[in-house]
Amino acid sequence: MSSSTTTTTSGVTLNPKSCRIKFARRFLRSLAQIKKQKLPSSSSSEEEIRMRSKGIKMAAYYSMARAVGPRMNWSRAFLFKLRNRVRHPKLVKKKKKKRVIMRSNKASRSVSSVHMDRGNKLRELVPGGKSMDFCSLLEETAHYITCLSTQVKVMQAIADHLSK
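Model, not experiment: these values are computed from the prediction.

## Structural notes on the pattern of salt bridges
Then comes step 1: Counted according to the given criterion, the structure contains two salt bridges.
Then comes step 2: The partner of Glu48 in a salt bridge is Arg52, with the nearest N and O atoms 3.6 Å apart. Here the residue Glu48 and the residue Arg52 both occupy positions in helix H2 (residues 45-68), the gap between them amounting to four residues, near one helical turn.
Then comes step 3: Residue classification places Glu48 among the partly exposed positions, given a relative accessible area of 30%.

Written out as structure tokens, the structure reads:
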């Protein structure tokens, strides 16, 4: 075993350079900063909960993007978006979700148009996906899903540890 790895009491080998460990460290630091922040006393408890929830969500995404680094398009796009939000908070436009119900004859739609529709939906879900070709989009999506899964596992482990 190399000197860069450590073994936990349960026998799990941890590489300190792994994405999961980097994310967990950054996320815990961010949670500590959120806990230290004083919210205005005029805010209601509902508003305070909403603001803290938003902060935790942003901390989780930021920590994951920082742990992955600039090697992936989705992490670069997300870091860029967060940087702009911090620098120019009044310029950030809030997207309104549109609900569109489309009815079409499935027989008249070609297979390629179905793939294009799915590809476009995927581009909207993956940060930075709008500027990628389809093959790169699929690779980035696979990596993004893996990172989101890691994020959920780490957050669940933190919640389990704190609930003991």
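## Some details on the environment of Arg26
Then comes step 1: As for its position among the elements, Arg26 is in helix H1 (residues 19-36).
Then comes step 2: Using a relative accessible area of 26% as the deciding quantity, one classes Arg26 as partly exposed.
Then comes step 3: Residues Arg26 and Ala60, spaced 34 residues apart in sequence, show a C-alpha to C-alpha distance of 8.6 Å.
Then comes step 4: Residue contacts for Arg26: discarding those within four places in its chain leaves Ser63, Arg66 and Ala67.

## Points about the environment of Ala59
Then comes step 1: Checked against the element boundaries, Ala59 lands in helix H2.
Then comes step 2: The exposure class of Ala59 is buried, given its relative accessible area of 8%.
Then comes step 3: When residues no more than four places from it in sequence are discounted, the contact partners of Ala59 are Phe27, Ser30 and Ile34.

## A few points about the packing of aromatic side chains
Then comes step 1: Applying the stated criterion to the full structure yields three aromatic pairs.
Then comes step 2: Taken together, a centroid distance of 5.4 Å and an interplanar angle of 15° make the contact between Phe23 and Phe27 stacked. Of the two residues, Phe23 and Phe27 both sit in helix H1, four residues apart, roughly one turn of that helix.
Then comes step 3: What makes Phe23 buried here is its relative accessible area of 0%.

Basis of the calculations
- Residues numbered from 1 in each chain as written.
- Predicted model: local features only at pLDDT ≥ 70, side-chain atom pairs only at ≥ 80, totals over all residues.
- Heavy atoms only, no water.
- Salt bridge = Lys/Arg side-chain N within 4 Å of Asp/Glu carboxyl O.
- Helix = DSSP H or I, 4+ residues; strand = E, 2+ residues; numbered from the N terminus.
- Buried < 20%, exposed > 50% of the residue type's maximum accessible area, 1.4 Å probe, protein only.
- Contact = heavy atoms within 4.5 Å.
- Phe/Tyr/Trp six-rings, centres within 6.5 Å; stacked < 30°, edge-to-face > 60°.

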